[in-house]
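# A closer look at the structure
This is what each chain is made of:
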Amino acid sequence: MTPIDDFDEDDVADMGPRWLGPKASEDEQTPVGKQGRGLAMRSVVPNAITAAALCSGLTGIRFAIVGDWEKALFAIILAGMLDGIDGRIARLLKAQSRFGAELDSLADSLSFGMAPALVLFLWALQDLPRLGWFAALLFAICCALRLARFNAQIDVTEQPHKSAGFLTGVPAPIGAGLAFLPMYLWLASGTPLFREPLLVAIWIVAIAVLMISNIATLSWMSMRPRTDARLPAIALTGVLFAALLTEPWWTLALICFVYLALMPYGLIRYSRVKRQRAAAKQDGAQRSIASGPAD
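What follows deals with the overall build of the protein chain. Helix and strand content of the protein chain: 11 helices and 2 strands. Ordering the α and β elements of the protein chain from the N terminus gives α-α-α-α-α-α-β-α-α-α-β-α-α. Partitioning the intrachain contacts of the protein chain with sequence separation of at least 6 by distance along the chain shows that 79% fall at a separation of at least 24. By element, 65% of the accessible surface of the protein chain is carried by carbon and sulfur atoms, the whole surface being about 18,300 Å².

Now the structure itself:
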């Protein structure tokens, strides 16, 4: 076997653990003999969307530097929309890869951690220089820690929240959207109170804690409306889209309030699932004892 010190990263590795790469990528099928042909176009498309989301999030910082707050928010919101479709397009094209997952996490950390932190600092927190900067740093760090925790749990089989259809903590894109709530209200009403540095600092620290918390939060993918509620849900979505076009800041603020109001509901639902699991486990243990061999 070639010593590690003599390994050339441009060479094609032999079949084995080194060829397979990280544990999370062992299920990926890499055709032998095609490693030098580059990525297929279907693999490039979702990664290009992720790169576009990254550029959009960072462009929000550029708009914030010149004080164009509305464009800064729109750029980061666009990054969230692109982040929401890149994974689905990858699954549709059957182009999932460990490279795409790592790129997505890096883009999320920059677009939904660092970019919101800097935008909020330039908008209000710089009037509270030390505490405001520490609050912005905490938000960015907590976003990075959340994504690192997610990556570390990719290969973990036992994930109680995920197996029950829930998420652990507030997702990074939603956390960024919630952090901007004072900014939405300020743009919608013009009230100076929403730009108060101390209140903004306390708010983003609270959202940062929610991102790295272990509480169960609702996953939109796991929500299944009843058959008789699907048509009203479609109509409500259309009205919501129209509201975003006419009154974007009030609508975004309303979405934030609805999400926050649903968090206790998510906790109640997960507590119910935990009780059902505990009861099923206890019942299974009793049946195992009852069906055991007699002495």
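Alright, that's what it looks like, and here's the rest.
Quick look at the pattern of salt bridges now. Taken as a whole, this structure holds 2 salt bridges when the rule is applied. Close ionic contact of Lys71 with Asp68 constitutes a salt bridge, the shortest N to O distance being 3.8 Å. On the basis of relative accessible area, Lys71 is assigned to the partly exposed category, the value being 44%. You can call Asp68 partly exposed: its relative accessible area is 26%. Glu102 serves as the salt-bridge partner of Arg98, at 2.8 Å between the closest nitrogen and oxygen.

Close inspection of predicted coordinates is inappropriate in any region flagged by low pLDDT. Model confidence for the protein chain is summarised by a mean pLDDT of 81, while 78% of its residues fall at 70 or above. With pLDDT under 50 throughout, residues 1–36 is counted as low confidence; its partners more than four residues away or in other chains account for 22 contacts.

With that out of the way, let us pick up helix α5 (residues 129–152). Three or four residues apart is the spacing at which side chains of an α-helix point the same way, because the helix has 3.6 residues per turn. For α5, with 24 residues, the first-to-last C-alpha span of 34 Å sits near the 34 Å given by 1.5 Å per residue. Turning to α5, its buried residues number three or more, namely Gly132, Ala135, Ala136, Phe139, Ala140, Cys142, Cys143, Arg146 and Leu147. Where α5 is buried, its residues touch α4 (98–123), β1 (166–168), α7 (172–179) and α9 (197–212).

Tallied over the entire structure, the rule returns 5 aromatic pairs. Between Phe180 and Tyr184, the aromatic rings sit 6.5 Å apart at their centres with planes inclined by 50 degrees, giving tilted as the arrangement. Like Tyr184, Phe180 is buried. An angle of 20 degrees between the planes, with centres 6.3 Å apart, marks the rings of Tyr184 and Trp249 as stacked. Of the two residues, Tyr184 sits in helix α8 (residues 181–189) while Trp249 sits in helix α11 (residues 248–290), which places them 65 residues apart along the sequence. In this structure, Tyr184 and Trp249 share a single accessibility class: buried. The structure contains a cluster of three or more aromatic residues connected by ring pairs, namely Phe74, Phe180, Tyr184 and Trp249. When the ring centre of Trp186 is taken as reference, the NZ or CZ atom of Arg195 above it lies at 4.7 Å.

About the cut-offs
All residue numbers refer to positions counted from 1 along the written sequence of the respective chain. Given that the model is predicted, a residue must reach a pLDDT of at least 70 before its local features are reported, and side-chain atom pairs must reach 80 or more before they are shown or counted; all residues, however, enter totals for whole chains, interfaces and linings. With hydrogens and water stripped out, all remaining heavy atoms of the structure feed into the side-chain values. Numbering of helices and strands runs from the N terminus; a helix is a DSSP stretch of H or I covering at least four residues, while a strand is a stretch of E covering at least two. Throughout, a contact is declared for two residues whenever any of their heavy atoms are within 4.5 Å. Working definition of accessibility: Shrake-Rupley area with a 1.4 Å probe, residue cover restricted to the visible protein chains. Salt bridges are identified by distance alone: a Lys or Arg side-chain nitrogen within 4 Å of an Asp or Glu carboxyl oxygen. Three exposure classes are used, based on accessible area relative to the maximum for each residue type with a 1.4 Å probe and protein chains only: buried under 20%, partly exposed in between, and exposed over 50%. Here pLDDT means the predictor's own confidence in every residue, given as a number from 0 to 100. To estimate how far a helix should reach, multiply one less than its number of residues by 1.5 Å. Only Phe, Tyr and Trp rings take part, Trp by its six-membered ring, and two of them pair if their centres are within 6.5 Å. Stacked means planes under 30 degrees apart, edge-to-face means over 60, and tilted covers everything else. Sitting over a ring, as applied to charges here, requires NZ of Lys or CZ of Arg to be within 6 Å of the ring centre and within 35 degrees of the ring normal.

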